[in-house]
Amino acid sequence: MKIHPKAFLCNGLSYVIRSATEDDARKLSEVRLQIDGETEYLDREQGEAFLDESAFKQIIRKDTENSYHLFLVAEVDKRIVGFSRCEGNKLKRLAHKVEFGVCVLKEWWGYGIGKHLLAESIHWADTSGIKKMNLSVLETNGKAIKRYEQFGFEVEGVLQKDKRLSDGTYYNTVLMGRFKE
């Protein structure tokens, strides 16, 4: 699915959020690899489950062709600095919901990019007949949990000792969902 590009201005930074295109595939591969090395909030360590340009092209093509998928990118001066994705399911019993994920390069944290990627994804879901959005977040990412709650997400469960981080400690994964009546 595609959305029309939207411009944002936050803390003096101007950026655009738009649907991903196949031309973005190489940049997305590079950005994802960099983001994975900048934070432990995500599932992967840098280089794990690497997606090359070809893999991203396939994902973008699939997401563009399916009305229950959405792939957004955030650009600053034509440079991709973050992205989000909603992935639905065509099975009738699951067709009402999507899984959501978002990531932003650390250099660009604090400019509302993640917040606006989330808001645009929610708007798309609400106007596309999607009733539920699900996501998972590491328990230590309190800022993200608070942001999701501000957008109507609720904690639905906790996966105990779900991820082992570089300090050797096991951390919980918080499962959150937003249901639109």
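Structural notes, computed from the coordinates. These numbers come from a predicted model, not from an experiment.

Quick notes on the rules
Residues numbered from 1 in each chain as written. Predicted model: local features only at pLDDT ≥ 70, side-chain atom pairs only at ≥ 80, totals over all residues. Heavy atoms only, no water. Pairing = 2+ DSSP bridges. Helix = DSSP H or I, 4+ residues; strand = E, 2+ residues; numbered from the N terminus. 1 Å grid on protein atoms, 1.4 Å probe; cavity = no way out; pocket = protein on both sides within 12 Å on 5 of 7 lines; lining within 4 Å. Points joined across faces, edges and corners; volume = space filled by probe spheres on them. Nonpolar A, V, L, I, M, F, W, Y, C, P; charged D, E, K, R; others polar. Axes fitted to C-alpha atoms, helices over the stretch in contact; angles between N-to-C directions. Expected span 1.5 Å × (residues − 1). Contact = heavy atoms within 4.5 Å. Polar contact = N/O pair within 3.5 Å; in protein donor to acceptor, adjacent residues only side chain to side chain. Buried < 20%, exposed > 50% of the residue type's maximum accessible area, 1.4 Å probe, protein only. Parallel < 35°, antiparallel > 145°, perpendicular 65-115°, else oblique. Left-handed = near helix turned anticlockwise from the far one by under 90°.

**Re the pairing of strand β5 (residues 97–104)**
Direction of pairing for strand β4 (residues 79–88) relative to β5: antiparallel, over a ladder of seven bridges. Counted as the bridge partner of G88 is V98 from β5. As defined by bridge partners, β5 adjoins strand β6 (residues 132–138) across three bridges and the pair is classed as parallel. Along β6, the bridge assignment pairs K97 with K132.

**Some details on the layout of surface pockets**
Looking at the largest pocket, its volume works out to about 1,400 Å³. If you go around the largest pocket, you meet 45 residues; those closest to its centre are L42, G101, V102, C103 and Y148. Counting residues per element, the ones that place at least two in the lining of the largest pocket are α1 (25–38), α2 (53–65), β4, β5, α3 (113–127), β6, α4 (142–150) and β8 (170–179). Its residues placed into classes, the lining of the largest pocket shows 24 nonpolar, ten polar and eleven charged. Lining the second largest pocket are 13 residues, and of these L42, D43, R44, E45 and L165 lie nearest its centre. Taken together, the elements giving at least two residues each to the lining of the second largest pocket come down to α1 and β7 (154–164). A breakdown of the residues in the lining of the second largest pocket according to their chemical character gives two nonpolar, three polar and eight charged.

**Some points on the sheet that holds strand β1 (residues 6–10)**
An order of β1-β2-β3-β4-β5-β6-β8-β7 is seen for the eight strands of this open sheet, with the pairing classed as mixed. In the strand order of this sheet, the two ends are held by β1 and β7, each with one partner. For this sheet, the mean inter-axis angle between neighbouring strands, taken without regard to orientation, is 25 degrees. Pairing geometry for β6 and β8, over seven bridges, is antiparallel. What sits directly across from N134, in β8, is G177.

**As for α2**
A rise of 1.5 Å per residue sets the reference length of α2, with its 13 residues, at 18 Å; its end C-alpha atoms lie 18 Å apart and thus fit the reference within 8%. Residues of α2 that are buried make contact with α1, β3 (69–76) and β4. The opening residue of α2 is D52, an N-cap whose side-chain oxygen sits 3.2 Å from the backbone nitrogen of S54.

**Some details on the environment of E120**
Turning to its location among the elements, E120 is positioned in helix α3. Spatially, the C-alpha atom of E120 lies 20 Å from that of G12, the residues being 108 residues apart in sequence. Ignoring anything within four residues of it in the chain, the contact list for E120 reads I3, K6, F8, I17 and L72.

**Some words on α1**
The first and last C-alpha atoms of α1 sit 20 Å apart over 14 residues, in line with the 20 Å expected at 1.5 Å per residue. All buried positions along α1 are accounted for by A25, L28, S29, V31, R32, I35 and D36. Of the surrounding secondary structure, the elements contacted by the buried residues of α1 are α2, β3, β4 and β5.

**A closer look at the packing of α1 against α2**
In the contact formed by α1 and α2, the axes pass within 8 Å of each other and the chain directions differ by 110 degrees. The orientation of α1 with respect to α2, classified from their angle, is roughly perpendicular. Viewed along their axes, α1 and α2 form a crossing whose handedness is right-handed. The residues of α2 that touch α1, namely those facing A25, R26, L28, S29 and R32, are E53, F56, K57 and I60. A per-class count over the contact of α1 with α2 returns four nonpolar, one polar and four charged.

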